[in-house]
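Chain by chain, the residues run as shown.
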Amino acid sequence: MSTLHDRWSSLAVRERWLVGLAVTLGAALVVQLAAQLGAGAVDGLRQDVAAQRTALAMAHELGGAPQVAVGDASPLSARVERSARDSGLAEALRRVDEVDPGRVRAHLVGARFTDLARWLGAMQAGAVGIDTLLVERSAAPGRVDATVIWVAGGP
């Protein structure tokens, strides 16, 4: 400690002022850097909260999925078409084609994503599995184009 004091005492007044100024500027730089990092972290947390609120709102919206009867003996294509209409996808459903026995392809254009997700969940709860799912963003916000190949009894 005495060597630092001796060294400080040996400096001229002008040199002491320069060292003091350098220390002050260094401290100000550290404080500024910490403030910027803190502000960036707060902005990131705000974005995370906004994304979680959006996800929570979507989960609440998906909560009321229509039910598909598990023991329904009607043809798979009829069940797919009926459940799509019950899920609010009547306007988006373009066609339902039988791929082979036990597999049906449904084409949807401009479907609301939340309605599509609700429909997928309801069908799977009704013992109908997804073999293939292709979803592409549509031109309108919140809308998608989708092709789903359903399998009776699960994949």
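Residues numbered from 1 in each chain as written. Predicted model: local features only at pLDDT ≥ 70, side-chain atom pairs only at ≥ 80, totals over all residues. Heavy atoms only, no water.

Further remarks concern the packing of aromatic side chains. Applying the stated criterion across every chain yields a total of one aromatic pair. Judged by centre distance (5.1 Å) and plane angle (75°), the rings of tryptophan 119 and tryptophan 150 are edge-to-face. Of this pair, tryptophan 119 sits in helix 4 (residues 113–125) while tryptophan 150 sits in strand 4 (residues 143–152); the two residues are 31 residues apart in sequence, bridging distant segments of the chain. (Phe/Tyr/Trp six-rings, centres within 6.5 Å; stacked < 30°, edge-to-face > 60°. Helix = DSSP H or I, 4+ residues; strand = E, 2+ residues; numbered from the N terminus.)

This paragraph deals with the pairing of strand 4. In the sheet, strand 2 (residues 103–112) pairs with strand 4 via eight bridges, with the strands oriented antiparallel. What sits directly across from alanine 106, in strand 4, is valine 148. Relative to strand 4, strand 3 (residues 128–137) runs antiparallel, the two sharing nine bridges. Across the sheet, the residue bridging to leucine 133 is valine 148, located in strand 4. Between strand 3 and strand 4, which pair antiparallel in sequence order, lie five residues; one of them, glycine 142, sits at a positive phi of approximately 80°. (Pairing = 2+ DSSP bridges.)

Structurally, threonine 147 can be placed in strand 4. Expressed as a C-alpha distance, the spacing of threonine 147 and arginine 95, which sit 52 residues apart in the sequence, is 10.0 Å. Looking at threonine 147, its side chain comes within polar contact range of the side chain of histidine 107, at 3.4 Å. (Polar contact = N/O pair within 3.5 Å; in protein donor to acceptor, adjacent residues only side chain to side chain.)

Counted at 1.5 Å a residue, the expected span for helix 4 with its 13 residues is 18 Å, and the 18 Å between its end C-alpha atoms agrees. Buried residues of helix 4: Thr114, Asp115, Leu116, Arg118, Trp119, Leu120, Ala122 and Met123, and no others. A positive backbone phi angle near 65° is found at alanine 127, which sits one or two residues after helix 4. (Expected span 1.5 Å × (residues − 1). Buried < 20%, exposed > 50% of the residue type's maximum accessible area, 1.4 Å probe, protein only.)

It is worth spelling out the pattern of salt bridges at this point. Using the criterion set out here, one finds seven salt bridges in the structure. We note a salt bridge from arginine 95 to aspartate 97, for which the minimum N-O separation is 2.9 Å. For arginine 103, the salt bridge goes to aspartate 131, with nearest N and O atoms at 3.3 Å. In this pair, arginine 103 is assigned in strand 2 and aspartate 131 in strand 3, connecting sequence segments 28 residues apart. Overall, the relative accessible area of 39% leaves aspartate 131 in the partly exposed class. Salt bridges here are not isolated pairs; linked through shared partners, they connect Asp100, Arg103 and Asp131. (Salt bridge = Lys/Arg side-chain N within 4 Å of Asp/Glu carboxyl O.)

In this section: the sheet that holds strand 2. In spatial order, the strands read 1-2-4-3; together these four strands make up an open sheet with antiparallel pairing. With partners counted over all chains shown, the strands left at the sheet margins are strand 1 (93–100) and strand 3, one partner each. Geometrically, the sheet is characterised by an average inter-axis angle of 15° between neighbouring strands, direction not taken into account. Here helix 3 (residues 76–86) sits on the sheet in contact with strand 1, strand 2, strand 3 and strand 4, set at roughly 155° to strand 1. (Axes fitted to C-alpha atoms, helices over the stretch in contact; angles between N-to-C directions. Contact = heavy atoms within 4.5 Å.)

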